Amino acid sequence: MKRPIWSSLILLAGISVLTASNATAADTIYQYDGSSPLLGDVSGYTKTELTLKRGATDVKIPANEIERVRWDGEPPQLNIARNQEQNGNYAAALEEYKKAEGSASPNLKKSLQYMIARATARSAKSNPAQLDNAIKLLDDFVKANADHFSYYPAMKLLGESQLAKKDYVAANSAFGTVERSPWKDYQMDAKNMKARVLLAQGNTKGALAAFETVAKMDGKTPGELANKHAAQLGSAICLEKDGKPQDAIKVLDEIIKNVSSSQSSLLAEAYLKKGDCYQALGESKEALIAYLHVDVLFPSEPAVHAEALYHLSTLWGKVQKPERGNEARAVLQQQYPDSEWTQKATKS
């Protein structure tokens, strides 16, 4: 007996609805390599990998390849909040993260704890008053989640926050933990951060040797290559501090030429340090152009952007455009009222 056409269409529609429902009822894994997101059910994780069940297959995803996880049942506002955090709008992102905590699933709640700590730490880069809170949130997370796939990224952020606080012993300890991770890109990153500790302590010679060691390491993956470039940037900073700004500019130009535009943090600092080098050489116009690159291209890097705005507020006057300097100072005061650079601009 033939099924009526209308009846078949209703059946197909019902199947489509069920299929769509099943397709959306899944956890989604986004990876740094830009490949298509992986959908399935997260059946477990450790600090080194996440297990995603896809039908009858278990897929193991190394933790260092995971850019983010979208948990089944997440409120849609969290996607917007993540974008706000990525764009440097930390207050708005934190508001949404905290709103979502109350009704979150256990997996999402742990991720939100990390995301709140991460956004607070990033915000503290331009607002040192938040450093203590950032350190506490990160320390609480790593102690309670020693087997979470965000453990090593959280530990690195903890070290960076402790470095900003000038707690060099604690920072070295955190970076040492990251260095003991099983991935070469994380190990290289940790070595670079230990070199930053030496630099902050005034040991320019030791820092330069440490950066050069990383820069000479073989790099194949995007993460490894990014850390080689970060080591080159560190070397350039050492050269500038050692009174060799022209040599530093050569290194910085190579970095700017070769680094992917997606590495906004590294590029922003490269342009900032290029501006510092030109200032050391007394070349105000070239310095101004370098700092302008930060202002125009990398406003989502708050710490570097605030510093660049401070320099622009003083350099515009040297090229007979004081009104532009006033504009830069106004933006600095409005966007980064708690930054050390705002305080410095107010006193000048």
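Report on the accompanying structure.

What follows is about the overall build of the chain. Secondary structure summary: the chain contains 16 helices and five strands in total. Counting only C-alpha atoms, the chain reaches 90 × 45 × 35 Å along its principal axes. When each of the 348 residues of the chain is scored for burial, the buried share is 44%. The long-range fraction of contacts in the chain, counting pairs at least 24 apart against all pairs at least 6 apart in sequence, stands at 49%. Accessible surface computed for the chain: about 17900 Å², of which carbon and sulfur atoms make up 52%.

All right, on to the sheet that holds strand β3 (residues 49–54) then. Strand order in this open sheet of five strands is β4-β3-β2-β1-β5, and the pairing throughout is antiparallel. On the outer flanks of this sheet lie β4 (57–62) and β5 (66–70), each paired with one strand and no other. Geometrically, the sheet is characterised by an average inter-axis angle of 45° between neighbouring strands, direction not taken into account. Alignment of strand β2 (residues 38–45) against β3, held across four bridges, turns out to be antiparallel. Bridge pairing in β3 places G44 opposite T51.

Here we take up the packing of helix α11 (residues 245–258) against helix α12 (residues 264–280). Helix packing geometry: the angle between the two helix axes and the distance between the axes. The interhelical angle for the contact between α11 and α12, taken along N-to-C directions, is 155°, at an axis separation of 9 Å. Accordingly, the angle class assigned to the pair α11 and α12 is roughly antiparallel. The handedness of the crossing between α11 and α12 comes out as left-handed. Of the residues in α12, those in contact with P245, A248, I249, L252, D253, I255 and I256 of α11 are L266, L267, A270, Y271, K273, K274, C277, Y278 and A280.

Moving on to the pattern of salt bridges. Inspection of the entire model under this criterion finds 21 salt bridges. With a closest N to O distance of 2.8 Å, K136 and D140 form a salt bridge. Separated by four residues within a single helix, K136 and D140 lie in helix α5 (residues 131–144), roughly one turn from each other. In this structure D140 comes out as partly exposed when scored by relative accessible area, which is 36%. In this structure, D253 engages K274 in a salt bridge whose closest nitrogen and oxygen atoms are separated by 2.7 Å. Remark: K274 occurs in helix α12 and D253 occurs in helix α11; sequence separation between them is 21 residues. Residue classification places D253 among the partly exposed positions, given a relative accessible area of 32%.

A word on the nonpolar core. If you look at the biggest cluster of nonpolar residues, it comprises 44 residues, and the most contacted ones within it are I29, L50, Y97 and L112. Sort the elements by how many residues they give to this core and helix α4 (residues 106–124) lands first, with nine residues. Discounting residues that sit within four places of it in the chain, L112 has contacts with L78, Y97, A100, E101 and A104. Listed in part, the 41 residues of the second largest apolar core include A236, C277, F298 and L312.

Another aspect to go through is the packing of aromatic side chains. Under the counting rule described, the total for this entry stands at nine aromatic pairs. With a centroid separation of 5.2 Å and an interplanar angle of 75°, the aromatic rings of Y151 and Y152 are classed as edge-to-face. There is no split in this pair, since Y151 and Y152 are both buried. A ring pair is formed by W183 and Y186, whose centres lie 5.0 Å apart and whose planes are at 70°; its orientation type is edge-to-face. The exposure class of Y186 is buried, given its relative accessible area of 16%. Taken together, the ring pairs in this structure connect Y151, Y152, W183 and Y186 into an aromatic cluster.

Rules used throughout
- Residues numbered from 1 in each chain as written.
- Predicted model: local features only at pLDDT ≥ 70, side-chain atom pairs only at ≥ 80, totals over all residues.
- Heavy atoms only, no water.
- Helix = DSSP H or I, 4+ residues; strand = E, 2+ residues; numbered from the N terminus.
- Buried < 20%, exposed > 50% of the residue type's maximum accessible area, 1.4 Å probe, protein only.
- Contact = heavy atoms within 4.5 Å.
- Areas by Shrake-Rupley, 256 points an atom, 1.4 Å probe, with all protein chains shown as cover.
- Pairing = 2+ DSSP bridges.
- Axes fitted to C-alpha atoms, helices over the stretch in contact; angles between N-to-C directions.
- Parallel < 35°, antiparallel > 145°, perpendicular 65-115°, else oblique.
- Left-handed = near helix turned anticlockwise from the far one by under 90°.
- Salt bridge = Lys/Arg side-chain N within 4 Å of Asp/Glu carboxyl O.
- Core = buried A, V, L, I, M, F, W, Y, C linked by side-chain atoms within 4.5 Å.
- Phe/Tyr/Trp six-rings, centres within 6.5 Å; stacked < 30°, edge-to-face > 60°.

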